[in-house]
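# A structural walkthrough
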Amino acid sequence: MKLTAFAAAAAAFLAFGPVEALAGRDLDQIRQRGVMRCGVQAPSNPGFGFPNAQGVWQGFNVEICRAVAITIFGDPNRVEFVPVTTQSRFPALASGEVDILSNNSTWTLTRDSNVNRFNFPAIVFYDGQSMMVPRRLNITSARQLNGATVCVQPGTTTELNLADYFRQHNMRFTPVVVADLDELRRAYDSGRCDVFTNDFAALAAQRTLLSRPQDHVILPERISKEPLGPVIRQGDEELTNIVAWTVFALIDAEEMGITQANVEQIAASSTNPIVRRLLGVEGNMGESLGAARADYARQIIRTFGNYGEIYERWLGERTPLGLERGMNRTWNNGGLLYAPPAR
Amino acid sequence: MSSTSTTSAGMPAAKPLIPLPSPTTLRGLMWQALLAAAVVLLGWWFYNNMLANMAARGLQFGFGFLGRSAGIPIGEAIIPYTPADTYQRALTVGLLNTLRVAVAGIALATILGIALGLARLSSNPLLRALTGGYIEVIRNTPLVLQLVFWHAIILQLPSVRQALNPLPGVFLSQRGLKLPVFLADEALASALLALLAAAILWIGLLRREAARQAATGERRSTLLPGLALLVALPLLSAALVGAPAWDWPELAGFNFQGGVTLSPEFFALLLGLVIYTAAFIAEIVRAGIQSVHKGQWEAARALGLPGGRIMRLVILPQALRVIIPPLTSQYLNLTKNSSLAVVIGYPDLVSVSNTSINQTGQAVEVISIFMAVYLIISLVTSLLMNLYNRAVALKER
């Protein structure tokens, strides 16, 4: 087996040989590198993830990634944001180019299964697919769209749901499929398509970028369920736990009324053992999780606030997107957000 | 390469009993063997590296996904396609879209390129300067930029409801060009056969006239009888079998129904590729023509040939020897550049492949497929062009 020996030497010489499989491999790699690579929607998705005037990434999904970085490193800045398109995101994650996707990816069986081998630790946004049309077409329901030309992003659940919906209702459509979201929106804006379809929140975000946003309406139908959340590769239980419990901490904090403004005061004065455990005042939750600090949740809330505060800052009614909380309320307020107890 | 020549050059006197290769040849052979081994090893290492990395990520290698239902919608397809069809069918649709734009692009780019190349050599200074400007601007800006530019311009056309209607049944809007088309029926088949028969008869007529000119020196045009045949035979077919039926585009609901559509994406891609590649072809044609010696022009003029025929009968056949090899590269470039379709949303092979990779996770397999397909297209193009090159090559007698 001289060949093998020679190849091994060549591999060692070139220093990028096959990656060895270890338990918790992805988390080890992130720690070793000292920075987490987070895939965000390219070129930008207003509210969810977009670069500001200085080129710094901001938004709902961006703060989720930064919160995870606080849990891993105790530092929200140890994240490198990598813009990925809907077509390139999963190959980028599978190949290890990014460690985590935080770009409104939908949790589906195929993506979670042994075919793609991804993992969806938690849901951060409940959404459904919608259709936007120009107001002047006087259309009130998606059922009136037979024969329409539809602008859609490739490589998405949106694309598949669209085909399913029209098939189910015996309607025909012509897709216009462009990977670049900006290019796609321009095509819709110029009239190349009658319909622009995406998840409701993403449509609302894209509408703010149209030349005349008020001339477009989003039809009432939600043709699919779109549970959105961060995605990692399968096979690293430790990283799965860290991502999940970072999201849960944000939700739990809102449920308990802990905010960016009062977190320190509550940590100092609260006698509620549940609150004290969450904020790392007592117990060893941080250690069991493998977080950098015992009070990781307190640090996250001090930096970004609870789930509701992050939502209102980037997506809520006072932002250009103007999204209602809807399903994305905590369970005790009639929503779907329900975090397991931190104990 | 010849060992005898080096041996005789190195040691002119002694002739060994067993013809051993000289040290120089041996050294050469050794280096070649080493190089070959290194290439094989590198390939082998790449392959193993891929397998190891896929195994480490729990990915399985296999082409089973091709038979699964794709579920992806594709905007334009030459063969019938619905999202319920398989990935194999979806990729075939993508391949046919690539071939469609490549074949049309090569034909149009050649015509435009030759015209531009000739204009570049024109004696008219304005024409020369304009062509020069065109070539320099187009050759020196990125193709992606040009594609986005043409796409943006086409999207500025009027909307469907205000579509331009230059001819009855022809509509131009930002949804593309709508044309009426004959329905595929027996009447159409009969009319096409009649056209074919007329063409064959015309060629026969041409041959007879050529033989007659060779024998008598008298020259007669076949234009009028030929055209008469082309008109009369299809008319006869229409009278006997009936005229072929039209599929006429009509505005119904959101869009035009019926007829054929050339989508704005196809149009923008074709326009971009043709204009870009024609600039390169023009330079190749100019270089080819200038490579023909001045004496050939003078000799042809001395024989009394007019300018057009000098070009067609004397200069171009000789210039082709210089033109064909770089022209082949341009054809290959055009075909491969068509993969930039992704940018403007034309569903070519790469676009469909990218989506398939995303939906199935089988990146290595899908990329191998489209690499193999491009390789085959390129090799076939090269083969055809090489055969043509051999046909026009200088024949030494």
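Residues numbered from 1 in each chain as written. Chains lettered and ligands numbered in written order. Predicted model: local features only at pLDDT ≥ 70, side-chain atom pairs only at ≥ 80, totals over all residues.

### Side note on the overall build of chain A
When helices and strands are tallied, chain A shows 14 helices and 13 strands. For 343 residues, the compact-globule formula gives about 20 Å, and the C-alpha radius of gyration of chain A, at 22 Å, lands near that figure. Once the C-alpha set of chain A is aligned to its principal axes, its extents read approximately 70 × 60 × 40 Å. Going through the 343 residues of chain A one by one, you find that 50% of them count as buried. In chain A, the proportion of contacts linking residues at least 24 apart, taken out of those at least 6 apart, comes to 72%. (Helix = DSSP H or I, 4+ residues; strand = E, 2+ residues; numbered from the N terminus. Rg over C-alpha atoms; globule rule 2.2 N^0.38 Å. Buried ≥ 20, exposed ≤ 12 C-beta atoms within 10 Å, placed from the backbone. Contact = placed C-beta atoms within 7 Å.)

### Some details on the domain arrangement of chain A
Residue and element names in this part refer to chain A. Partitioning chain A into structural domains gives domain 1 (25-126 + 227-323) and domain 2 (129-224). Each of domain 1 and domain 2 has a C-alpha centre, and the two are 29 Å apart. Between domain 1 and domain 2, the contact holds 16 residues from the first and 16 residues from the second. Its residues assigned to classes, the side of domain 1 that touches domain 2 shows eight nonpolar, eight polar and no charged. (Domains from an automatic or database assignment. Nonpolar A, V, L, I, M, F, W, Y, C, P; charged D, E, K, R; others polar.)

### Some words on the nonpolar core
Counting residues in hydrophobic clusters, the biggest one holds 157 residues, and the most contacted among them are Val68, Ile100, Val150, Cys151, Val195 and Leu250 of chain A together with Leu269 of chain B. When residues of this core are assigned to domains, at least three map to each of domain 1 (25-126 + 227-323) and domain 2 (129-224) of chain A. In contact with Val150 of chain A, not counting residues within four places along its chain, are Leu162, Phe173, Pro175, Val176, Cys193, Val195 and Thr197 of chain A. (Core = buried A, V, L, I, M, F, W, Y, C linked by C-beta atoms within 7 Å.)

### Brief notes about unusual backbone geometry
Residue and element names in this part refer to chain A. Across the junction of Ala42 and Pro43, the peptide omega takes the value -10°, indicating a cis bond. Looking at where Pro43 falls in the secondary structure, it is placed in the loop between β1 (36-41) and β2 (50-51). In the Ramachandran plot, Asn138 falls in the positive-phi region, its phi being about 55° despite a non-glycine side chain. Assignment of secondary structure puts Asn138 in the loop between β8 (129-134) and β9 (148-152). Looking at Asn138, the number of C-beta atoms within 10 Å reads 9, which means it is exposed. The residue Asn170 is not glycine, and still its phi comes out positive at about 55°. Mapped onto the fold, Asn170 is located in the loop between α6 (157-168) and β10 (173-177).

### Details of the environment of Leu201 of chain B
All names here are of chain B. Relative to the assigned elements, Leu201 resides in helix α6 (residues 186-216). Classification of Leu201 as partly exposed rests on a count of 15 C-beta atoms within 10 Å. Between the C-alpha atom of Leu201 and that of Leu229, which follows or precedes it by 28 residues, the distance is 7.9 Å.

### Points about the packing of helix α10 (residues 307-337) of chain B against helix α13 (residues 363-392) of chain B
All names here are of chain B. Packing of α10 against α13 leaves a shortest axis separation of 10 Å and a crossing angle of 175°. Regarding the angle of α10 to α13, the classification is roughly antiparallel. Each of Pro317, Leu320, Arg321, Ile324, Pro325, Thr328, Tyr331, Leu332, Thr335 and Lys336 in α10 lies in contact with α13, whose residues at this interface are Tyr374, Ile377, Ser378, Thr381, Ser382, Met385, Tyr388, Asn389 and Val392. (Axes fitted to C-alpha atoms, helices over the stretch in contact; angles between N-to-C directions. Parallel < 35°, antiparallel > 145°, perpendicular 65-115°, else oblique.)

### Looking at the interface of chain B and chain A
Taken together, the 37 residues of chain B in the interface contact 40 residues of chain A. Contributions of two or more residues to the side of chain B that touches chain A are made by α2 (23-56), α11 (341-344) and α12 (349-360) of chain B. In terms of residue class, the side of chain B that touches chain A is built from 18 nonpolar, 17 polar and two charged.

### Details of the sheet that holds strand β11 (residues 195-199) of chain A
All names here are of chain A. Read across the open sheet, the five strands follow the order β10-β9-β11-β8-β12; overall the sheet is mixed. Each edge of the open sheet is held by one strand with a lone partner, namely β10 and β12 (216-218). Strand after strand, the sheet turns through a mean of 30° between neighbouring axes, direction not considered. Alignment of β8 against β12, held across three bridges, turns out to be antiparallel. Bridge pairing links Met132 to Ile218 in β12. Against the sheet, helix α8 (residues 200-207) contacts β8, β11 and β12, and its axis sits at roughly 125° relative to β11. (Pairing = 2+ DSSP bridges.)

### Topic: α6 of chain B
Residue and element names in this part refer to chain B. The end-to-end C-alpha distance of α6, which contains 31 residues, comes to 45 Å, matching closely the 45 Å that a straight helix rising 1.5 Å per residue would cover. When α6 is considered as a whole, its buried residues turn out to be Ala191, Ala194 and Ala198. Where α6 is buried, its residues meet α7 (223-241). Within two residues after α6, Gly217 carries a phi angle of roughly 80°, on the positive side. (Expected span 1.5 Å × (residues − 1).)

### Some details on the confidence of the model for chain A
Looking at chain A, the pLDDT average stands at 89 and 93% of residues meet or exceed 70. Low pLDDT, under 50, characterises residues 1-23 of chain A; the predicted model gives this stretch 17 contacts beyond four residues in sequence or across chains. (pLDDT = per-residue confidence, 0-100.)

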